[in-house]
Amino acid sequence: GESVGLHLPTLSVQEGDNSIINCAYSNSASDYFIWYKQESGKGPQFIIDIRSNMDKRQGQRVTVLLNKTVKHLSLQIAATQPGDSAVYFCADGIYNQGGKLIFGQGTELSVKP
Amino acid sequence: EADIYQTPRYLVIGTGKKITLECSQTMGHDKMYWYQQDPGMELHLIHYSYGVNSTEKGDLSSESTVSRIRTEHFPLTLESARPSHTSQYLCATRQGGNEKLFFGSGTQLSVL
């Protein structure tokens, strides 16, 4: 079956630096991708999503890049802050197919002051 | 304020007990989901519902059952808990036509 995975299980960055979290997916049919942030003891919180007809989407301090050729997406966080420390998950799915997202193993982001 | 409520937040029980994890939402969403998550690991879909009286099994086999008698309520039941059921259980909702899932804070279950 398909799976979504992240390249690095942990990432440590200095406060103020930019963070890049990577994700690979395997299902060529996936056309919807989403990033979640999960803080300790809480449920995942939506960050940003992107559909396959785009290769870049920007939000507040975050940018998602999608490379369908190599089935890779990344989350960029600008000027990383201590409050960004959390586990980040990517997930993929097929739009309008019941919302059944496939989640990858998270990347733990630690921000050093 | 629209939200997703999961109770209890933490539950420690003995093997063989029957338990029900509650999930209620005031989001007004018709679709609801249960995910299971081990610490630091990915989320696995175990049950979902597209509306009242609709329930389906997810991708990960689970010994739990669910019901959807009311739109806002989607409880998950384990008839006989075992240590292998120890995990975090996350409830989520979604509005039809929008793929974004909204999650509750989860129930951390420990079976001794």
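Residues numbered from 1 in each chain as written. Chains lettered and ligands numbered in written order. Predicted model: local features only at pLDDT ≥ 70, side-chain atom pairs only at ≥ 80, totals over all residues. Heavy atoms only, no water.

*Asks:* Describe the environment of L101 of chain B, naming the residues involved and giving the relevant values.
*Replies:* Following the sequence through the fold, L101 of chain B ends up in the loop between strand 9 (87-94) and strand 10 (102-103). In this structure, the C-alpha to C-alpha distance between L101 of chain B and T7 of chain B, residues 94 residues apart in sequence, is 19 Å. Non-local contacts of L101 of chain B, meaning those with residues more than four positions away in its chain, are made with Y36, G99 and L101 of chain A together with Y33, Y35, A92, T93 and R94 of chain B. (Helix = DSSP H or I, 4+ residues; strand = E, 2+ residues; numbered from the N terminus. Contact = heavy atoms within 4.5 Å.)

*Asks:* I'd like to hear about the state of the cysteines, residue by residue, with values.
*Replies:* By definition, a disulfide links the sulfur atoms of two cysteines through a covalent bond. Scanning all chains against the criterion turns up two disulfides over all chains. Across a sulfur-sulfur distance of 1.7 Å, C23 of chain A and C90 of chain A are joined as a disulfide pair. Judged by the sign of its S-S torsion, about 50 degrees, the cystine formed by C23 of chain A and C90 of chain A is right-handed. A residue pair is termed long-range when its members are at least 10 positions apart, and C23 of chain A in strand 3 (residues 19-25) and C90 of chain A in strand 9 (residues 86-93) qualify at 67 residues. Each of the two residues, C23 of chain A as well as C90 of chain A, counts as buried. With a sulfur-sulfur separation of 1.9 Å, C23 of chain B is cross-linked through a disulfide to C91 of chain B. An S-S torsion of about -75 degrees defines the bridge between C23 of chain B and C91 of chain B as left-handed. Here C23 of chain B, found in strand 3 (residues 19-25), pairs with C91 of chain B, found in strand 9; they are 68 residues apart in sequence, far enough to count as distant. For the pair formed by C23 of chain B and C91 of chain B, the shared burial category is buried. (Disulfide = S-S within 2.5 Å. Buried < 20%, exposed > 50% of the residue type's maximum accessible area, 1.4 Å probe, protein only.)

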